[in-house]
Amino acid sequence: MVAGAQQVTLTSSTPLLRGIEPAFYPTLNQSGDRLLYSDVDANGLKMLDLATQQVTTISNEGGAGFNAKWSTDGQVYYITSTVNEKDRLVYRTGKRYDIARYTSDVVLEAQHGAVHLETGTKGMAMNGEKHNFTSAANRGTSVYTIGSQLVVTINGKENRYTPVESYAGYLWSSISPNGDKIAFYAAGKGIVVTNLQGKVLSELGIYEMPCWYNNDYIVAQNATDDGYQYTSSQIMLLKADGTFRHELTPKTSMTMQPTAGGGKIVYTTIDGNLTMITIDINE
């Protein structure tokens with residue numbers, strides 16, 4: 001990876017929720033003024049207003065915090081999971097939380113099997129094995145992964161791509177802020193950036209949990225383990241074209257699960273200590 005002439009400066013660092021409760025799976029909204037988070041097992045989902053520091057409980061249900069997402073209109077979509085007492089199978093329910101009304105509604109009835117959340121530039125979708133939900137007839141440009149496929153929808157037309165081989169599958173796909181690129185994680189390959197037609201633009205290395213900082217930079221997790229537990233974990237800033245990378249935190253910090261929005265970056269630690277930072281990129 002070319003060193004490049006960029007310089008990255010940490011401009012602020014703010015601890016969040018310290019002494020209140022441990023927090024995991026942080027997710028910033030687009031404007032960077034509200035943050036979703038959960039406990040270590042993703043049981044329950046809460047929202048932190050970064051301006052007032054007020055915490056709102058969205059759900060106390062199992063699995064609610066694992067993959068919650070903000071929609072472009074500011075609502076929260078999440079999936080809960082329960083075990084049916086009769087057949088002992090896991091059933092997943094899709095829900096939408098209205099931050100103005102402080103209430104959740106069921107948008108996808110409980111069903112057995114995986115349910116994939118899909119974030120679009122104009123709407124949201126939930127894709128289950130039996131039933132689906134969409135918040136708008138035209139979701140604009142959206143993406144999600146299933147197995148080793150990128151499922152890209154543009155103005156209602158769906159295409160599926162396999163840009164790189166990965167027998168263990170893809171995770172953590174997202175559209176860049178300008179809507180022209182996709183970043184995702186391919187097991188065994190690391191972070192891959194493609195155009196909307198699945199053409200590989202760059203491979204950024206064996207990093208995880210990519211999140212767009214802006215249209216040119218991605219924040220990611222760089223973790224190692226011994227097969228049983230983490231041995232190191234840090235937050236990285238990666239240029240989407242593969243020409244630059246910068247350590248935002250040291251390997252010994254055990255920092256992980258980055259999220260970005262509104263020019264802010266939030267991450268947690270293995271112990272659930274949230275931190276919000278801002279940076280300046282001088283090119």
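Up top you'll find the structure we're talking about.
Quick caveat: nothing in here was measured; it's all calculated off a predicted structure.

K.L.:
Could you give an account of the overall build of the protein, with specific residues and numbers?
P.N.:
On a plain count of helices and strands, the protein comes out with zero helices and 26 strands. A compact globule built from 283 residues would reach a C-alpha radius of gyration of about 19 Å, and the protein, at 18 Å, matches this within 12%. Taking the principal axes of the C-alpha coordinates as reference, the protein spans close to 55 × 45 × 40 Å. Accessible surface for the protein amounts to roughly 13,500 Å². Of this, 46% is attributable to carbon and sulfur atoms.

K.L.:
Can you lay out the pattern of salt bridges for me, pointing to particular residues and giving the numbers?
P.N.:
Between side chains of opposite charge, pairing is possible as soon as their charged atoms come close. A full pass over the atoms with the stated rule returns eight salt bridges. Note that D180 is salt-bridged to K181, the shortest N-O span being 3.6 Å. Judged by its relative accessible area of 35%, D180 falls in the partly exposed class. Counted as one network, the salt bridges with shared partners bring together D98, R101 and D105.

K.L.:
Can you tell me about the environment of V152, naming the residues and giving the values?
P.N.:
Within the secondary structure, V152 sits in strand β14 (residues 149-154). Judged by its relative accessible area of 1%, V152 is buried. Along the chain, V152 and T249 lie 97 residues apart, while their C-alpha atoms are 33 Å from each other. When residues no more than four places from it in sequence are discounted, the contact partners of V152 are S142, V143, K157, E158, N159, Y161, I182 and L196.

K.L.:
Quick rundown of the pairing of strand β21 (residues 217-225)? Include the residues and the values.
P.N.:
With seven of nine residues buried, β21 is to be regarded as a mostly interior element. The antiparallel pairing of strand β20 (residues 208-212) with β21 creates a hairpin that spans four residues between the two strands. Pairing geometry for β21 and strand β22 (residues 230-239), over nine bridges, is antiparallel. Note that in β22 the partner of I218 across the bridge is L238.

K.L.:
How would you explain the side chain of K95 if you had to name every residue and give the values?
P.N.:
For K95, the location among the structural elements is in strand β8 (residues 90-98). Within polar-contact distance, the side chain of K95 engages the side chain of E61 at 2.8 Å. If sequence neighbours within four positions are ignored, K95 has contacts with E61, V76, Y77, Y78, T80, D105, V106, V107 and M126.

K.L.:
Quick rundown of the nonpolar core? Include the residues and the values.
P.N.:
Residues Y213, L237, L248, I265 and I279 are the most contacted members of the largest nonpolar core, which totals 14 residues. Of all elements in the fold, only β21, β22, β25 (264-269) and β26 (274-282) reach the threshold of two or more residues within this core. Those residues within four positions of I279 in sequence are excluded, and the remaining contacts are V8, T9, L10, T11, Y213, L237, L248 and I265.

Each value, and the rule that gives it
- Residues numbered from 1 in each chain as written.
- Predicted model: local features only at pLDDT ≥ 70, side-chain atom pairs only at ≥ 80, totals over all residues.
- Heavy atoms only, no water.
- Helix = DSSP H or I, 4+ residues; strand = E, 2+ residues; numbered from the N terminus.
- Rg over C-alpha atoms; globule rule 2.2 N^0.38 Å.
- Areas by Shrake-Rupley, 256 points an atom, 1.4 Å probe, with all protein chains shown as cover.
- Salt bridge = Lys/Arg side-chain N within 4 Å of Asp/Glu carboxyl O.
- Buried < 20%, exposed > 50% of the residue type's maximum accessible area, 1.4 Å probe, protein only.
- Contact = heavy atoms within 4.5 Å.
- Pairing = 2+ DSSP bridges.
- Polar contact = N/O pair within 3.5 Å; in protein donor to acceptor, adjacent residues only side chain to side chain.
- Core = buried A, V, L, I, M, F, W, Y, C linked by side-chain atoms within 4.5 Å.

Function cannot be inferred from these measures alone, as they are strictly geometric.
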